[in-house]
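Here's the letter readout for the chains.
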Amino acid sequence: MIDKDTWELLSYVVTVVGLPLAIVTFMLEQRKERENEDEEVYQLLADNYTDFLKLVMTNPDLQLRSHSESLAMTADQEERKLVLFEILISLFERAYLLTYDPDMRGKRLRRWMSWEDYMREWCQREDFRQHLPRLLVGEDADFVAHITRIAQEAAQ
């Protein structure tokens, strides 16, 4: 039979070893869960960007993947292009709001940099930059500042 002193010693061991171990285990699980959530958000956004590119492919007359000077467009083509730019800005803003953090590191930073690359690629287009002021009306102020800076760098 275990006496009172032994029980007391065992309770101290549990307190000294078990409690910190439980806290560390909880923190590691929380971190893993946050990483999984970040990965899921990134994947959903990436899928949305892929869907956007499919829309671009179904509208080849708009020359949205062309790096050459665009030809004159009809009013219908201009309207469709503007709508696609609106979809793209909405996607960029969503990516910014859900994934951007000025203190990012590691995987989060690498994921964000892919979005930054997409933004830079589209901001290289003069027609996209020309529509940007209209596209950014009512958008998140921090996002507006971010993409405006990218557009200004691309214009130089």
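Here, every reference points to the structure presented above.
Quick notes on the rules
Residue numbers run consecutively from 1 along every chain, following the written order of its sequence. With the structure being a predicted model, the display of local features is reserved for residues of pLDDT at least 70 and the display and counting of side-chain atom pairs for 80 or more, all residues being used for whole-chain, interface and lining totals. No hydrogens and no water enter the side-chain calculation; it runs on all heavy atoms of the structure. Numbering of helices and strands starts at the N terminus; helices are DSSP runs of H or I of at least 4 residues and strands are runs of E of at least 2. The globule rule used for comparison is 2.2 Å times the number of residues to the exponent 0.38, while the radius of gyration itself is calculated over C-alpha atoms. Each residue gets one of three labels from its accessible area relative to the maximum for its type: buried under 20%, exposed over 50%, partly exposed in between, using a 1.4 Å probe on protein chains only. In this description, contact between two residues means that some pair of their heavy atoms is separated by no more than 4.5 Å. Per-residue accessibility takes into account occlusion by the displayed protein chains alone, with areas from the Shrake-Rupley method and a 1.4 Å probe. Charged residues are defined narrowly, with Lys and Arg counted positive, Asp and Glu counted negative, and His plus the chain ends left uncounted. Taken as the charge centre is NZ of Lys, CZ of Arg, CG of Asp or CD of Glu, depending on the residue. Both cavities and pockets are sets of points on a 1 Å grid over the protein atoms alone; in a cavity a 1.4 Å probe fits but cannot get out, in a pocket the set is open with protein on both sides within 12 Å along at least five of seven lines, and lining residues sit with an atom within 4 Å of a point. Grid points are joined across faces, edges and corners, and a volume is the space filled by probe spheres set on the points. The working definition used for a salt bridge is a side-chain nitrogen of Lys or Arg within 4 Å of a carboxyl oxygen of Asp or Glu.

### Quick notes on the overall build of the protein chain
Argument step 1. The secondary structure content of the protein chain amounts to five helices and zero strands.
Argument step 2. Taking 15 Å as the expected radius of gyration for a compact globule of 156 residues, we find that the protein chain reaches 25 Å, considerably beyond that expectation.
Argument step 3. Residues counted as buried form 29% of the 156 residues belonging to the protein chain.
Argument step 4. Taking contacts inside the protein chain between residues at least 6 apart in sequence as the whole, the part at least 24 apart equals 70%.
Argument step 5. Counting every atom, the protein chain has about 10,700 Å² of accessible surface; 58% of that belongs to carbon and sulfur.
Argument step 6. Taking the average place of the 19 positive charges on the side chains of the protein chain and the average place of its 30 negative ones, the gap between the two points comes to 3 Å.

### Brief notes about the layout of surface pockets
Argument step 1. One number sums up the size of the second largest pocket: a volume of about 180 Å³.
Argument step 2. In this structure, the second largest pocket is lined by R31, R34, E35, D38, R105, G106, K107, R108 and R111.
Argument step 3. Those elements that provide at least two residues to the lining of the second largest pocket are α1 (4–57) and α3 (106–123).

### Thoughts on the pattern of salt bridges
Argument step 1. Under the criterion given, the structure shown has 13 salt bridges.
Argument step 2. The shortest N-O distance in the salt bridge between E116 and R149 comes to 3.9 Å. Of this pair, E116 sits in helix α3 while R149 is found in helix α5 (residues 141–155), placing the two residues 33 residues apart along the sequence.
Argument step 3. The partner of E153 in a salt bridge is R120, and the shortest N-O contact between them spans 2.8 Å. Highlighted residues: E153 in helix α5 and R120 in helix α3, separated in sequence by 33 residues.

Spatial relationships are all this shows, so hold off on functional conclusions.
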